[in-house]
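# Structural overview for review
Listed below, chain by chain, are the residues.
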Amino acid sequence: MKERMKRLLFAALGKDPEAVVVSFRSGEESLSNRMVDEVRGLVPDRRHFVVEPRSGSAWHVYRELRREFRGYRIALAPVLFTDEPNALRLAAFLLAPRKILAYNARLERHHLRLSTWIASLLFLRGVSVDRIYLRPRWLRWWRHEGTVAPAEARVVAGRAPSPERRPIAVLSPYFPYPLSHGGAVRIWNLLREAAREFDVHLFAFTDGDADCGPVAAFCTSVTLVQKARYREPRWSTLLPPEVHEFRSPGMQAALDGFRRRYPGAPVQVEYTHLAPYGGDVLVEHDVTFDLFGQVWRTRRNLTAWWDFLRWWRFERRAIRGFRQVVVMSEKDRTLLGRGEVIGNGVDLDRYQPQPECPGQRLLFIGSFRHFPNVEAYRFFVEQAWPMLREKFPEMTLTVVAGPDHLNCWQAFAGTLAPIPDPHIRMLGFVSDVRPLYLEANLVIVPTTVSAGTNVKVLEAMAMGRAVVSTPSGCAGLGLEHGRSVWVAETAREFAEGVARLVEDPAARESMAREARLAAERNFDWKALGEKQRRILRELSED
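These remarks concern the structure in this document. Remember, it's a predicted structure, so these values are computed and weren't measured experimentally. (Residues numbered from 1 in each chain as written. Predicted model: local features only at pLDDT ≥ 70, side-chain atom pairs only at ≥ 80, totals over all residues. Heavy atoms only, no water.)

We now examine the overall build of the protein. If you tally the helices and strands in the protein, you get 19 helices and 19 strands. If you line up the protein on its principal axes, its C-alpha atoms span 95 × 65 × 40 Å. Taken over 542 residues, the protein has a buried fraction of 52%. Taking contacts inside the protein between residues at least 6 apart in sequence as the whole, the part at least 24 apart equals 69%. (Helix = DSSP H or I, 4+ residues; strand = E, 2+ residues; numbered from the N terminus. Buried < 20%, exposed > 50% of the residue type's maximum accessible area, 1.4 Å probe, protein only. Contact = heavy atoms within 4.5 Å.)

What follows covers helix H16 (residues 455-462). By the criterion of burial, H16 is predominantly enclosed, with eight of the eight residues buried. Those residues of H16 that fall on the buried side of the exposure criterion are Val455, Lys456, Val457, Leu458, Glu459, Ala460, Met461 and Ala462. Just downstream of H16, Gly464 is the residue with a positive phi angle, here 75 degrees.

This part covers the sheet that holds strand S16 (residues 424-427). The six strands are arranged S16-S15-S14-S17-S18-S19 in an open sheet whose pairing can be described as parallel. The sheet is open, and its two edges are formed by S16 and strand S19 (486-487), each paired on a single side. By the bridge criterion, three bridges tie strand S17 (residues 442-445) to strand S18 (residues 467-469) in an arrangement that is parallel. Across the sheet, Val445 pairs through a bridge with Ser469, a residue of S18. Across the face of the sheet, helix H17 (residues 491-503) comes into contact with strand S14 (361-365), S17, S18 and S19 while running at roughly 170 degrees to S17. (Pairing = 2+ DSSP bridges. Axes fitted to C-alpha atoms, helices over the stretch in contact; angles between N-to-C directions.)

So, on to a positive patch on the surface. Together, Arg63, Arg66, Arg67 and Arg70 make up a region of like positive charge exposed at the surface. Within the secondary structure, Arg63 is located in helix H3 (residues 58-68). Classification of Arg63 as partly exposed rests on a relative accessible area of 46%. (Patch = residues over 30% accessible without salt bridge, like charges linked within 9 Å, V, L, I, M, F, W, Y side chains within 5 Å. Areas by Shrake-Rupley, 256 points an atom, 1.4 Å probe, with all protein chains shown as cover. Salt bridge = Lys/Arg side-chain N within 4 Å of Asp/Glu carboxyl O. Lys, Arg positive; Asp, Glu negative; His and termini not counted. Charge placed at Lys NZ, Arg CZ, Asp CG, Glu CD.)

Glancing now at the pattern of salt bridges. What the rule picks out here adds up to 36 salt bridges. Taking the shortest distance from any N to any O, the salt bridge between Glu38 and Arg109 comes out at 2.9 Å. Pair noted here: Glu38 is in helix H2 (residues 29-42) and Arg109 is in strand S5 (residues 109-111), with a separation of 71 residues, a long-range link. A cluster of three or more residues bridged by salt bridges with shared partners is formed by Arg166, Glu193, Arg196, Glu197, Glu530, Arg533, Arg537 and Glu541.

Okay, the pairing of S17 next. Here S17 shows a buried face lined by Leu442 and Ile444 and a second buried face lined by Val443 and Val445. Where S14 and S17 come together, two bridges link them in parallel fashion. Bridge pairing links Leu363 to Val443 in S17.

On to the pairing of strand S2 (residues 47-51), then. Of the pairings in the sheet, the one linking strand S1 (residues 20-24) to S2 comprises five bridges and is parallel in character. Residue pairing in the sheet places Val22 in a bridge with Phe49 of S2. Handedness of the β-α-β unit built from S1, H2 and S2 comes out right-handed. (Right-handed = clockwise from strand over helix to strand, strands pointing away.)

On the surface, Glu28, Glu29, Asp83 and Glu84 cluster together to form a negatively charged patch. Along the chain, Glu84 turns up in the loop between strand S3 (74-80) and helix H4 (87-95). With relative accessibility at 49%, the residue Glu84 sits in the partly exposed group.

The next thing to look at is empty space enclosed by the protein. To find leftover empty space, a probe the size of one water molecule is rolled over the atoms. The final tally for this structure, using the stated rule, is two cavities of 30 Å³ or more. There is about 80 Å³ of room inside the largest cavity. If you trace the largest cavity, you find it lined by Ile168, Val170, Arg186, Ile187, Leu190, Leu191, Ala194, Gln268, Glu270, Val283, Gln532 and Leu536. Residue assignment for the lining of the largest cavity shows that the elements contributing at least two residues are strand S7 (166-172), helix H6 (182-194), strand S10 (267-270) and helix H19 (525-541). (1 Å grid on protein atoms, 1.4 Å probe; cavity = no way out; pocket = protein on both sides within 12 Å on 5 of 7 lines; lining within 4 Å. Points joined across faces, edges and corners; volume = space filled by probe spheres on them.)

Let's shift gears to the sheet that holds S1. Pairing is mixed in the open sheet, where five strands are placed in the order S2-S1-S3-S4-S5. In this open sheet, the two edge strands, each paired with only one partner strand, are S2 and S5. Taken over all neighbouring pairs, the strand axes of this sheet differ in orientation by 20 degrees on average, direction set aside. Seen against the sheet, helix H5 (residues 117-124) touches strand S4 (100-103) and S5 and runs at an angle of roughly 145 degrees to S5.

Rendered as structure tokens:
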């Protein structure tokens, strides 16, 4: 009887008693298609309509849709929200304001409701679903969902200790194997160099299982602690969120145990955000406030300013607590006002040059776990690549984006994946990149924001491949434009530099030869390792 009365009531109002789903294709076609397909699967028992993009103002589109759907009740209105403006979204709000199911470019979904207006606003501003309901501890202390920081530590024994070698500890925010990015390459090589004179005890955070065998071959012990799951809004604290992400009672207890067992033994801390653990040597892989300062000068928004301010305040204070600070370049030493320069290097025995084969093959290596590499890829592909493809239709690009690169892309770029291109080969983690260098004709480093020095530039130099880079991509390496590297700042200059070297194999070969010689003179890990051992030796003797 109730169902019959319902049908009669809606019939009197001129409405179909069965509510329908109306999906709005208000964004990129492939994402819209995936949204529509997902909604059909989520609500299989409803009648579905799909609204295609239309010309005209939002008000004009709304009036058309109101006429079309006059006889229907709308139960759900999925709408795709991306960065591009689209009148169809406002029309959807006017048509069904309380039925909007919003999708973002990562195809996460959230019901837009007035009762959850803060979460809805955050979602529309690009915050992921996993974080939109997080509230600062100081705002909702009575209902706080705390950060989960495992207290357990796993210890793996390595080579036997020796009374002839003094102990040292090295603290890292990640396990430095496999060698999937520049930071891991640096830590791996300098751990191996330090082990020539010291018993190295490595303390590292990990996201999962780690293959400890290769590292334990030269470290006396490896202590692994699971990284914490940080559950605070990233904007809500005075300390940078990266500092909170690595706060761990388990790691603190493990380091305290080392200090009790080996009183006076030096502790070397890799990366500034681990500085609160304390130690003797702080290795500044990059001056982080310089990196965020570059972002702020580019974007000029409140988020970028707040990130810069937090890092500027924290980093300048952090370095005061260490007896020695290691920096990557003279520029970094000037920024901090102190430090010993031990730059990045390259394994010259492992990376050996070979003649290239003719072609138009470009190579970009940069783990998407580091957001400047995502920015670099977007800069090149969105601005320089179209100019090159028009001039060189056979040109190809190989990208080594590192482990878990799609999830990292979603976190930093806000979309599901890079736009596919048949001339771009996207790879994840590659255990040995040397074959990729050998098949490439040119290596590109289109970094728009960067700090420290780039290992990928040094590897390309050692492999005898010419490099086209932005100023920040090769900063701190002392390379000469037109001789050992080609430097270009704007997208047009970058494309012109690539075109010039692709068309001139002799210039490419000459530049590659000079780059290899520069690598041999200045960037051998053996020489850099001796500098590090000297610092640790002096601290051990104090």
